[in-house]
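# Reading the structure
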Amino acid sequence: MRNTLMLVLILFFVLPAPRVWAAGAAIQSAGPGQIHEAEQNPEPDARFKADILVIVAHPDDETMVTGYLARAIFDGQKRVAAIFGTPGNSGGDVVSNAQAAALGDVRITEAREALASFGVLHVWCLGGPDTPGEDVRRSLETWNHGNALWQTVRLVRLTRPEVILTWLPDFVVGENHDDHQAAAVIATEAFDMAGDPTAFPEQVAPPDNRTAVSNLTEGLQPWQPKKIYYFSDAASTDFLIGKGPEYNTTDISLSKNLPYYKLAAQEMAYHLTQDDTGQLAKHALETGDFTYFKQPVRLVLGKSLVAGDITGDVFEGITSGAIPYAPARGYRAGARKGISVELGGPWAYYQEFWQAHSLDRMAELIKTPEMGVDNGEQVHVPILIHNDTDEAVEVVLASTLPPGWKELRGTARYPVRPHEVYPAQTVYEAPTTAKPESQTLHWKAESRGAVVGTIALRVVTDRQGLPQ
Ligand SMILES: [Zn+2]
């Protein structure tokens, strides 16, 4: 035993250290006067090349666009891959008692089967927890934003999509799920990062020796997608008209000899745990009532890096091959002066997000900030008070509410230090018996007896009563 140890020690000190950084088979030294042929650098794995990468939050979210995907896949021969942010673990289950993590396993399997019926086999889940709510920043927190983005950028580089389809990054009256919005934010960030080799550089560093074990860099290549489109679960999607292409689902698939709405219903029917998707589709297929599925698929063009019209086909202007990295504008601090107020929370975030990501048309989509509320709901409205002066100030904030509304907190005199942003948290109780209607909440801010700013927020009451 001791002799063996001595031999090991002698070998360790006497033999030269291996040159691990030159370990590839193609890097064998040549003899004098000889030049070896290096092997071809392998191409990216063509099996994973996608034309469309769908990035959504929950298993069954893809059904929002299957009326279009059926056309793209079955008649346009487009290759599609999909990413789900969460496994849908808090979605409810009308089939069995499976809940929580078990339900997540069930729902991801439903989604894989549903997409497989469309020939879509490349499906990933980021593993974020289902986070019911409306503030996108809560989902970004619970999903572990950095991890979710790291995974998504990798999958964009692996699948090299021409087009990304995702939820609308905006705050709307409707389902307005914060997970949906988080998928939109992460998809947009990944669109702008995947082509940048300094973003997650470990993903684009080639391995020392790809056929050996334990390579710790990923060997992918940067990839710049060409277009990003959004779709919305707003209560009414009329505001999307003219902002992107619209696809009729009553057209007939030439390859399947069926209308696209029926193909969409067949795909949705795999999500049987879900009352409002799988069961709805099953019922439609049984009864022949496809009213829900006959709605057109409306897309919003977020941005395009190729020529074409806003309402042109998704693949208009797209030719095969890589395009150069196109950096987004990036965040620029605004030039505020004096004392001012604005809606905080997701509304303030999106204003800066759209600018930072060169989504110039997004600010025009919903001109007055809006939200839907349930009857009797406690409504939290964050307000930012900006003091861009060199002196401490006091700002009196007061609300004007429609009949039936009650303020729980918010009206106050706020002390704001020089160059500080004070996040005021105001809370109201919505009317308990309102019918679905549009109302407006107003705020006025005064300092030293002068009005320094006003805010309006359009509120749609009784959103549960809104037509679906
Ligand atoms: Zn969803």
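Just so we're clear, the structure is a prediction, and the values are computed from it rather than from any experiment. Each chain carries its own residue numbering, running from 1 in the written order of its sequence. At least 70 in pLDDT is required for a residue's local features to be given in this predicted model, at least 80 for side-chain atom pairs to be given and counted, and no such filter applies to totals for whole chains, interfaces and linings, which use all residues. Side-chain metrics in this entry use all non-hydrogen atoms of the structure; hydrogen atoms and water are not considered.

## A closer look at the side chain of His386
Along the chain, His386 falls in strand β13 (residues 378–388). A relative accessible area of 8% means that His386 is categorised as buried. Here a polar contact is recorded for every N or O atom pair within 3.5 Å, except that within protein the pair must consist of a potential hydrogen donor and a potential acceptor, and residues adjacent in sequence are included only if both atoms are side-chain atoms. One polar contact links His386 to Glu342, side chain to side chain, over a distance of 2.9 Å. Each helix corresponds to a stretch of at least 4 residues labelled H or I by DSSP, and each strand to a stretch of at least 2 residues labelled E; elements are numbered beginning at the N terminus. Only protein chains enter the accessibility calculation, which uses a 1.4 Å probe; a residue whose area is less than 20% of its type maximum is buried, one above 50% is exposed, and one in between is partly exposed.

## Examining the sheet that holds strand β5 (residues 227–231)
In this description, strands pair whenever DSSP reports at least two bridges between them. Taken together, six strands build an open sheet; the order of strands is β3-β2-β1-β4-β5-β10 and the sheet is mixed. One side of each edge strand has no neighbouring strand; the edge strands of this open sheet are β3 (123–125) and β10 (300–304). Ignoring strand direction, the axes of neighbouring strands in this sheet form an average angle of 20°. Pairing of strand β1 (residues 52–56) with strand β2 (residues 80–84), which is carried by five bridges, proceeds in the parallel orientation. By the bridge assignment, Ile55 is partnered in β2 with Ile83. Should any heavy atoms of two residues lie within 4.5 Å, those residues are counted as being in contact. To get an axis, fit a line to the C-alpha atoms, keeping to the stretch in contact for a helix; angles then go from 0 to 180 degrees between the N-to-C directions. Each of β1, β2, β3 and β4 (163–167) is contacted by helix α5 (residues 145–159), which is oriented at about 170° to β3, the strand it contacts most. Packed onto the sheet, helix α6 (residues 178–193) meets β1, β4, β5 and β10 and runs at close to 155° relative to β4.

## What about helix α8 (residues 275–287)?
Along α8, the positions that sit buried rather than exposed are Thr277, Gly278, Ala281 and Ala284. Projected onto a plane normal to the axis of α8, the buried residues spread over an arc of 130° and lie on a single side. Within α8, the exposed residues directed more than 90 degrees away from the buried face are Asp275, Asp276 and Glu286. On its buried face, α8 sits against α7 (260–268). Directly after α8, the chain includes Gly288, whose backbone phi takes a positive value near 80°. The arc refers to the directions leading from the helix axis to the C-beta atoms.

## As for the packing of α7 against α8
The description of two packed helices rests on the angle between their axes and on the distance between the axes. Taken N-terminus to C-terminus, the directions of α7 and α8 make an angle of 130°; their axes are 8 Å apart at the nearest point. Taken together, the axes of α7 and α8 lie oblique to each other. The chirality of how α7 crosses α8 is left-handed. Taken together, the residues of α8 that come into contact with α7 (itself represented by Lys262, Ala265, Gln266 and Met268) are Thr277, Gly278, Leu280, Ala281 and Leu285. Residue composition of the contact of α7 with α8, grouped by class: five nonpolar, three polar and one charged. Roughly parallel means an angle under 35 degrees; roughly antiparallel, over 145; roughly perpendicular, 65 to 115; everything else is oblique. For a crossing to be left-handed, the near helix must be turned anticlockwise from the far one by less than a right angle; the clockwise case is right-handed. Each residue is assigned to one class: nonpolar for Ala, Val, Leu, Ile, Met, Phe, Trp, Tyr, Cys and Pro, charged for Asp, Glu, Lys and Arg, and polar for all the others, Gly among them.

## Quick look at the coordination of the zinc ion
For a metal with four tetrahedral donors the ideal donor-metal-donor angle is 109.5 degrees, while six octahedral donors give ideal angles of 90 or 180 degrees. The zinc ion binds to the protein through His58 (ND1), Asp61 (OD) and His180 (NE2), with metal-donor distances spanning 2.1 to 2.2 Å. Residue Asp61 is classed as buried on the basis of its relative accessible area, which comes to 4%. Metal donors: N, O and S atoms at distances within 2.8 Å, or within 3.2 Å for Na, K and Ca, with water omitted from the atom set so that some sites may seem incomplete.

## Examining the pattern of salt bridges
Should a side-chain nitrogen of Lys or Arg be within 4 Å of a carboxyl oxygen of Asp or Glu, the pair is scored as a salt bridge. Applying the stated criterion across every chain, the model contains 23 salt bridges. Arg154 serves as the salt-bridge partner of Glu218, at 2.7 Å between the closest nitrogen and oxygen. Highlighted residues: Glu218 in the loop between α6 and β5 and Arg154 in helix α5, separated in sequence by 64 residues. For Glu218, a relative accessible area of 31% translates into the label partly exposed. Between Arg463 and Glu377 there is a salt bridge whose closest N-O contact spans 3.7 Å. You can see Arg463 sitting in the segment after β19 (450–460) and its partner Glu377 sitting in the loop between β12 (370–372) and β13, a full 86 residues away along the chain. Residue Arg463 is classed as buried on the basis of its relative accessible area of 15%. Taking relative accessible area as the criterion, Glu377 reaches 21% and is therefore assigned partly exposed. A network of salt bridges, in which partner residues are shared, links Glu134, Asp374, Glu377 and Arg463.

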